[in-house]
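Structural features, examined
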Amino acid sequence: MTKREFVESLPDLITPEEYAADPEGRKVKLRIRPTADGVEVIGDAVRPKELEEILLALDPAVLQQMLCG
């Protein structure tokens, strides 16, 4: 089962201009890179629900999230 951690900050992958250019809110960006512990996947999306579904499908041990708004 995936453990959730709330963190103060995560990298922004979508710029303010990209948000403005996507009125339907469909943009999702992922950054995938190898680490000493395995693979790190960072995501950013106009609609967080869709991003969360993608990340949870990977069955991570930990899902870090920011509370914003």
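Report on the accompanying structure.

Summing up its helical and strand segments, the chain has two helices and four strands in all. In the chain, the order of α-helices and β-strands from amino to carboxyl end is β-α-β-β-α-β. Along the longest, intermediate and shortest principal axes, the C-alpha atoms of the chain span 35 × 25 × 20 Å. Out of the 69 residues in the chain, the part that is buried amounts to 20%.

Here we take up the pairing of strand β2 (residues 28-35). Both faces of the sheet carry side chains from a regular strand, because those side chains alternate between them. Of the strand pairs in this sheet, β2 and strand β3 (residues 38-45) are connected by eight bridges, and their pairing is antiparallel. Bridging across to β3, leucine 30 finds its partner in glycine 43. Linking β2 to β3, which pair antiparallel, is a turn of two residues.

Here is what the cut-offs are and how they apply
- Residues numbered from 1 in each chain as written.
- Predicted model: local features only at pLDDT ≥ 70, side-chain atom pairs only at ≥ 80, totals over all residues.
- Heavy atoms only, no water.
- Helix = DSSP H or I, 4+ residues; strand = E, 2+ residues; numbered from the N terminus.
- Buried < 20%, exposed > 50% of the residue type's maximum accessible area, 1.4 Å probe, protein only.
- Pairing = 2+ DSSP bridges.

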